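Fold and contact review
Chain by chain, the residues run as shown.
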Amino acid sequence: MQRIRLRYTKRGRLRFTSHRDFQRAFERALRRAEVPMAYSAGFTPHPKVSYANAAPTGTGSEAEYLEIALTETRDPETLRGLLDESMPSGLDIVDAVEVRTSGLADRLTASVWELRLDGVDIEEAQKAVDAFLAAETVEVQRKTKNGLRTFDTRGAVVELTAAPAQGDPQGDRPLDSACAILRLVVRHVTPAVRPDDVLSGLRAVADLAPPVPAAVTRLAQGLFDEESGTVTDPLAPDREAVKAAPPTAAATASATAPGAGTA
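Cut-off values and rules
Residues numbered from 1 in each chain as written. Predicted model: local features only at pLDDT ≥ 70, side-chain atom pairs only at ≥ 80, totals over all residues. Heavy atoms only, no water. Helix = DSSP H or I, 4+ residues; strand = E, 2+ residues; numbered from the N terminus. Buried < 20%, exposed > 50% of the residue type's maximum accessible area, 1.4 Å probe, protein only. Contact = heavy atoms within 4.5 Å. Areas by Shrake-Rupley, 256 points an atom, 1.4 Å probe, with all protein chains shown as cover. Salt bridge = Lys/Arg side-chain N within 4 Å of Asp/Glu carboxyl O. Patch = residues over 30% accessible without salt bridge, like charges linked within 9 Å, V, L, I, M, F, W, Y side chains within 5 Å. Lys, Arg positive; Asp, Glu negative; His and termini not counted. Charge placed at Lys NZ, Arg CZ, Asp CG, Glu CD. Core = buried A, V, L, I, M, F, W, Y, C linked by side-chain atoms within 4.5 Å. Phe/Tyr/Trp six-rings, centres within 6.5 Å; stacked < 30°, edge-to-face > 60°. Axes fitted to C-alpha atoms, helices over the stretch in contact; angles between N-to-C directions. Parallel < 35°, antiparallel > 145°, perpendicular 65-115°, else oblique. Nonpolar A, V, L, I, M, F, W, Y, C, P; charged D, E, K, R; others polar. Polar contact = N/O pair within 3.5 Å; in protein donor to acceptor, adjacent residues only side chain to side chain.

Turning our attention to the overall build of the chain. Per the secondary structure count, the chain includes six helices and 12 strands. Put simply, the chain has 263 residues, and 40% of those count as buried. Summarising the internal contacts of the chain: among those between residues at least 6 apart in sequence, 76% fall at separations of at least 24. When the accessible surface of the chain is split by element, carbon and sulfur atoms take 50% of a total near 14,200 Å².

Here it is in C-alpha coordinates:
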(Lines give C-alpha, C1' and ligand atoms only; values in the text may rest on other atoms or scores of the structure.)
Protein backbone atom coordinates (compact mmCIF):
# COMPACT_ATOMS: atom_id res chain seq x y z
CA MET A 1 0.00 0.00 0.00
CA GLN A 2 1.42 3.38 -1.05
CA ARG A 3 0.77 6.53 0.95
CA ILE A 4 0.88 10.05 -0.47
CA ARG A 5 0.92 13.34 1.44
CA LEU A 6 -0.71 16.35 -0.18
CA ARG A 7 -0.72 20.08 0.49
CA TYR A 8 -3.81 22.01 -0.53
CA THR A 9 -5.15 25.56 -0.32
CA LYS A 10 -8.36 27.41 0.56
CA ARG A 11 -8.30 30.64 -1.45
CA GLY A 12 -10.61 33.57 -2.11
CA ARG A 13 -14.25 33.00 -1.27
CA LEU A 14 -13.66 29.28 -0.82
CA ARG A 15 -12.07 30.06 2.54
CA PHE A 16 -15.69 29.88 3.76
CA THR A 17 -15.78 26.20 2.81
CA SER A 18 -16.22 24.03 5.90
CA HIS A 19 -13.99 21.05 6.54
CA ARG A 20 -16.93 18.73 5.85
CA ASP A 21 -17.56 20.47 2.50
CA PHE A 22 -13.91 20.06 1.58
CA GLN A 23 -14.03 16.37 2.47
CA ARG A 24 -16.98 15.84 0.12
CA ALA A 25 -15.29 17.78 -2.70
CA PHE A 26 -12.05 15.86 -2.23
CA GLU A 27 -13.72 12.45 -2.24
CA ARG A 28 -15.52 13.39 -5.47
CA ALA A 29 -12.14 14.39 -6.94
CA LEU A 30 -10.70 11.00 -5.96
CA ARG A 31 -13.48 9.26 -7.87
CA ARG A 32 -13.19 11.52 -10.93
CA ALA A 33 -9.42 11.05 -11.06
CA GLU A 34 -9.90 7.27 -10.68
CA VAL A 35 -7.43 7.12 -7.81
CA PRO A 36 -6.97 3.50 -6.58
CA MET A 37 -7.88 4.29 -2.99
CA ALA A 38 -7.50 1.90 -0.08
CA TYR A 39 -10.68 1.58 1.99
CA SER A 40 -11.35 0.88 5.63
CA ALA A 41 -12.90 -2.41 6.70
CA GLY A 42 -16.34 -2.83 8.26
CA PHE A 43 -19.97 -2.31 7.25
CA THR A 44 -19.42 1.24 5.92
CA PRO A 45 -16.01 1.32 4.20
CA HIS A 46 -14.62 4.76 3.50
CA PRO A 47 -11.47 5.90 1.68
CA LYS A 48 -8.38 6.09 3.85
CA VAL A 49 -7.82 9.85 4.06
CA SER A 50 -6.19 11.45 7.11
CA TYR A 51 -6.48 15.21 7.65
CA ALA A 52 -4.03 17.16 9.80
CA ASN A 53 -4.89 20.34 11.72
CA ALA A 54 -7.41 21.84 9.28
CA ALA A 55 -7.95 25.61 9.35
CA PRO A 56 -11.26 26.93 10.76
CA THR A 57 -14.16 27.75 8.45
CA GLY A 58 -13.83 31.30 7.14
CA THR A 59 -10.04 31.17 7.21
CA GLY A 60 -7.98 31.08 4.04
CA SER A 61 -4.93 28.88 3.84
CA GLU A 62 -1.93 28.16 1.67
CA ALA A 63 -0.83 25.19 3.78
CA GLU A 64 -3.37 22.48 4.58
CA TYR A 65 -2.23 18.85 4.68
CA LEU A 66 -3.73 15.41 4.26
CA GLU A 67 -2.56 11.86 3.60
CA ILE A 68 -4.13 9.20 1.40
CA ALA A 69 -3.51 5.46 1.08
CA LEU A 70 -3.49 3.74 -2.33
CA THR A 71 -3.74 0.10 -3.35
CA GLU A 72 -1.53 0.69 -6.41
CA THR A 73 1.60 2.77 -6.88
CA ARG A 74 1.19 6.17 -8.53
CA ASP A 75 3.61 8.99 -9.36
CA PRO A 76 2.93 11.71 -6.76
CA GLU A 77 3.18 14.66 -9.17
CA THR A 78 0.95 13.02 -11.79
CA LEU A 79 -1.58 12.20 -9.09
CA ARG A 80 -1.44 15.78 -7.79
CA GLY A 81 -2.22 17.16 -11.24
CA LEU A 82 -5.18 14.84 -11.76
CA LEU A 83 -6.67 15.69 -8.37
CA ASP A 84 -6.11 19.42 -8.84
CA GLU A 85 -7.99 19.34 -12.16
CA SER A 86 -10.91 17.66 -10.41
CA MET A 87 -11.15 20.19 -7.55
CA PRO A 88 -12.97 23.56 -7.59
CA SER A 89 -10.74 26.55 -8.28
CA GLY A 90 -9.58 27.88 -4.92
CA LEU A 91 -9.34 24.40 -3.39
CA ASP A 92 -6.04 23.68 -5.11
CA ILE A 93 -3.76 20.65 -4.67
CA VAL A 94 -0.33 22.28 -4.83
CA ASP A 95 2.17 19.68 -3.60
CA ALA A 96 2.49 15.90 -3.30
CA VAL A 97 5.16 13.55 -1.98
CA GLU A 98 5.32 9.84 -1.23
CA VAL A 99 5.34 9.07 2.48
CA ARG A 100 8.80 7.96 3.59
CA THR A 101 8.78 9.18 7.21
CA SER A 102 6.34 8.97 10.10
CA GLY A 103 4.75 11.67 12.22
CA LEU A 104 3.35 14.33 9.91
CA ALA A 105 1.07 15.63 12.67
CA ASP A 106 4.06 15.84 15.04
CA ARG A 107 5.76 18.19 12.57
CA LEU A 108 2.86 20.65 12.60
CA THR A 109 3.92 22.60 15.69
CA ALA A 110 3.37 26.20 14.55
CA SER A 111 1.53 28.30 11.96
CA VAL A 112 2.25 31.55 10.15
CA TRP A 113 -0.87 33.69 9.80
CA GLU A 114 -1.70 36.90 7.95
CA LEU A 115 -4.52 39.07 9.31
CA ARG A 116 -5.90 41.80 7.04
CA LEU A 117 -7.46 44.58 9.12
CA ASP A 118 -9.56 46.79 6.84
CA GLY A 119 -10.35 50.19 8.33
CA VAL A 120 -7.33 50.12 10.67
CA ASP A 121 -4.36 52.40 9.96
CA ILE A 122 -0.81 51.17 10.46
CA GLU A 123 -0.08 53.49 13.43
CA GLU A 124 -3.03 52.12 15.38
CA ALA A 125 -2.09 48.54 14.52
CA GLN A 126 1.56 49.04 15.50
CA LYS A 127 0.57 50.56 18.84
CA ALA A 128 -1.58 47.52 19.60
CA VAL A 129 1.18 45.11 18.55
CA ASP A 130 3.69 46.85 20.81
CA ALA A 131 1.32 46.67 23.77
CA PHE A 132 0.62 42.99 23.16
CA LEU A 133 4.30 42.05 22.90
CA ALA A 134 5.18 44.07 26.01
CA ALA A 135 2.67 42.18 28.13
CA GLU A 136 3.73 39.05 30.06
CA THR A 137 0.28 37.51 29.72
CA VAL A 138 -2.78 38.45 27.69
CA GLU A 139 -5.85 36.57 28.88
CA VAL A 140 -8.94 36.20 26.72
CA GLN A 141 -12.16 34.26 26.98
CA ARG A 142 -13.63 31.85 24.47
CA LYS A 143 -16.98 30.10 24.60
CA THR A 144 -16.63 26.32 24.36
CA LYS A 145 -19.08 23.44 24.61
CA ASN A 146 -18.15 23.22 28.30
CA GLY A 147 -18.79 26.91 28.94
CA LEU A 148 -16.66 30.05 28.98
CA ARG A 149 -12.91 29.38 29.14
CA THR A 150 -10.16 31.84 30.05
CA PHE A 151 -6.62 31.31 28.76
CA ASP A 152 -3.41 33.18 27.92
CA THR A 153 -2.68 34.06 24.29
CA ARG A 154 0.68 35.79 24.75
CA GLY A 155 2.71 32.65 25.51
CA ALA A 156 1.82 30.98 22.18
CA VAL A 157 2.79 33.99 20.04
CA VAL A 158 6.36 33.72 18.77
CA GLU A 159 6.23 36.72 16.44
CA LEU A 160 3.79 39.54 15.73
CA THR A 161 4.43 42.41 13.30
CA ALA A 162 2.36 45.08 11.58
CA ALA A 163 2.79 46.51 8.07
CA PRO A 164 0.73 48.65 5.68
CA ALA A 165 -1.35 46.75 3.13
CA GLN A 166 -0.08 46.55 -0.44
CA GLY A 167 -3.38 45.45 -1.97
CA ASP A 168 -5.45 42.27 -1.76
CA PRO A 169 -3.81 39.46 -3.79
CA GLN A 170 -7.05 37.47 -3.78
CA GLY A 171 -9.00 40.42 -5.11
CA ASP A 172 -12.15 40.09 -2.99
CA ARG A 173 -11.39 43.11 -0.78
CA PRO A 174 -10.44 46.29 -2.68
CA LEU A 175 -7.87 48.55 -1.03
CA ASP A 176 -9.67 51.91 -0.94
CA SER A 177 -9.24 52.85 2.72
CA ALA A 178 -6.91 52.38 5.69
CA CYS A 179 -5.73 48.80 6.03
CA ALA A 180 -3.07 47.14 8.17
CA ILE A 181 -1.60 43.67 7.80
CA LEU A 182 -0.57 41.67 10.85
CA ARG A 183 1.85 38.78 10.44
CA LEU A 184 1.66 36.25 13.22
CA VAL A 185 3.62 33.13 14.16
CA VAL A 186 1.77 30.98 16.71
CA ARG A 187 2.79 27.75 18.36
CA HIS A 188 0.24 24.93 18.37
CA VAL A 189 -0.44 24.64 22.09
CA THR A 190 -3.28 23.35 24.24
CA PRO A 191 -5.71 25.01 24.37
CA ALA A 192 -5.16 26.10 20.77
CA VAL A 193 -4.56 29.83 20.28
CA ARG A 194 -6.28 30.95 17.08
CA PRO A 195 -5.89 34.22 15.17
CA ASP A 196 -9.25 35.47 16.46
CA ASP A 197 -7.99 34.86 20.02
CA VAL A 198 -4.98 37.10 19.30
CA LEU A 199 -7.35 39.74 17.94
CA SER A 200 -9.29 39.50 21.20
CA GLY A 201 -6.00 39.97 23.03
CA LEU A 202 -5.18 43.08 20.98
CA ARG A 203 -8.59 44.45 21.85
CA ALA A 204 -7.96 43.74 25.53
CA VAL A 205 -4.54 45.43 25.74
CA ALA A 206 -5.00 48.29 23.24
CA ASP A 207 -8.71 48.52 22.43
CA LEU A 208 -8.01 47.55 18.81
CA ALA A 209 -11.39 46.85 17.20
CA PRO A 210 -11.44 46.58 13.39
CA PRO A 211 -14.73 47.92 11.95
CA VAL A 212 -15.11 44.80 9.76
CA PRO A 213 -14.10 41.18 10.43
CA ALA A 214 -10.44 40.46 9.71
CA ALA A 215 -9.55 38.41 6.64
CA VAL A 216 -7.33 35.64 7.97
CA THR A 217 -4.99 33.46 5.89
CA ARG A 218 -2.64 30.72 7.03
CA LEU A 219 0.56 31.18 5.03
CA ALA A 220 2.44 28.15 6.37
CA GLN A 221 2.43 25.50 9.06
CA GLY A 222 5.11 23.06 10.08
CA LEU A 223 7.86 22.44 12.57
CA PHE A 224 9.07 25.56 14.37
CA ASP A 225 12.86 25.93 14.14
CA GLU A 226 14.04 27.45 17.42
CA GLU A 227 17.41 28.56 15.98
CA SER A 228 16.15 30.39 12.92
CA GLY A 229 12.72 31.32 14.26
CA THR A 230 11.07 30.01 11.10
CA VAL A 231 8.34 27.48 10.33
CA THR A 232 9.77 24.71 8.13
CA ASP A 233 8.14 22.67 5.36
CA PRO A 234 6.63 19.52 6.95
CA LEU A 235 6.94 17.58 3.66
CA ALA A 236 10.68 18.24 3.37
CA PRO A 237 11.75 15.10 5.32
CA ASP A 238 9.73 12.88 2.94
CA ARG A 239 11.14 14.67 -0.09
CA GLU A 240 14.69 14.26 1.18
CA ALA A 241 14.10 10.59 2.00
CA VAL A 242 12.87 9.95 -1.56
CA LYS A 243 16.04 11.55 -2.98
CA ALA A 244 18.27 9.55 -0.64
CA ALA A 245 16.54 6.20 -1.21
CA PRO A 246 18.36 3.62 -3.37
CA PRO A 247 16.81 2.92 -6.80
CA THR A 248 14.05 0.33 -6.87
CA ALA A 249 14.63 -3.13 -8.31
CA ALA A 250 12.48 -2.25 -11.33
CA ALA A 251 14.50 0.90 -12.03
CA THR A 252 17.79 -0.99 -11.66
CA ALA A 253 16.66 -3.73 -14.03
CA SER A 254 15.56 -1.14 -16.59
CA ALA A 255 18.90 0.69 -16.40
CA THR A 256 20.96 -2.50 -16.82
CA ALA A 257 18.84 -4.13 -19.52
CA PRO A 258 20.55 -4.84 -22.90
CA GLY A 259 20.42 -1.73 -25.05
CA ALA A 260 19.57 0.60 -22.14
CA GLY A 261 20.78 4.12 -22.72
CA THR A 262 21.11 3.66 -26.52
CA ALA A 263 19.08 5.41 -29.16
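A few words now on the pattern of salt bridges. By the definition in use, this model includes 17 salt bridges. Among the salt bridges present, the one from Glu67 reaches Arg5, with a minimum N-O distance of 2.8 Å. With a gap of 62 residues between them, Glu67 in strand β3 (residues 60-70) and Arg5 in strand β1 (residues 2-10) connect regions that are remote in the sequence. The exposure classification of Glu67 matches that of Arg5, with both residues buried.

This part takes up the side chain of Thr59. Here Thr59 shows up in the loop between β2 (49-52) and β3. Apart from the residues lying within four places of it in its own chain, the contact partners of Thr59 are Lys10, Arg15, Trp113, Val216 and Arg218.

Moving on, we get to a negative patch on the surface. A grouping of Asp121, Glu123, Glu124 and Asp207 is seen on the molecular surface, where their side chains present a negatively charged patch. As for its placement among the helices and strands, Glu123 is situated in helix α3 (residues 122-134).

To continue, consider the nonpolar core. Core analysis: the biggest nonpolar cluster contains 25 residues, and Leu115, Leu160, Leu182, Leu184 and Leu202 have the highest contact counts within it. Secondary structure elements with two or more residues in this core: β5 (110-118), α3, β8 (157-164), β9 (179-187) and α4 (195-206). Contact partners of Leu115, with chain neighbours within four places excluded, come to Ala180, Ile181, Leu182, Leu184, Pro195, Leu199, Ala215 and Val216. Membership of the second largest hydrophobic core comes to 21 residues, among which are Ala25, Leu30, Val49 and Leu83.

Turning our eyes to something else, we now look at the packing of aromatic side chains. Centre distance and the angle of the planes are the two values used to describe a pair of aromatic rings. Considering all chains together, one arrives at three aromatic pairs under this definition. Aromatic side chains Tyr8 and Phe22 sit 4.0 Å apart centroid to centroid with 10 degrees between the ring planes, which places their arrangement in the stacked category. Of this pair, Tyr8 sits in strand β1 while Phe22 is found in helix α1 (residues 19-32), placing the two residues 14 residues apart along the sequence. Assigned by exposure class, Tyr8 and Phe22 land together as buried. Relative to Phe26, the ring of Phe22 has its centre 5.9 Å away and its plane inclined at 10 degrees; by these criteria the two rings are stacked. Remark: Phe26 and Phe22 occur in helix α1; sequence separation between them is four residues, near one turn of the helix. Its relative accessible area of 2% is what places Phe22 among the buried residues. Among the aromatic residues, those joined into a cluster by ring pairs are Tyr8, Phe22, Phe26 and Tyr51.

Angle between the axes and distance between the axes are the two parameters that describe a pair of packed helices. Where α3 meets α4, the axes come as close as 9 Å, and the angle between the chain directions of the two elements is 95 degrees. As far as their axial angle goes, α4 and α3 are roughly perpendicular. Mapping the contact onto sequence places Ala128, Val129, Ala131 and Phe132 in α3 and Val198, Gly201, Leu202, Val205 and Ala206 in α4. Across the contact of α3 with α4, the residue classes break down as eight nonpolar, one polar and no charged.

The topology assignment puts Thr9 in strand β1. Taking the C-alpha atoms as reference points, Thr9 and Asp95, 86 residues apart in sequence, are found 9.9 Å from one another. Those residues in contact with Thr9, other than ones at most four positions away along the chain, are Ser61, Glu62, Gly90, Leu91, Asp92 and Val94. Within the structure, the side chain of Thr9 is placed 3.2 Å from the backbone oxygen of Gly90, a separation counted as a polar contact.

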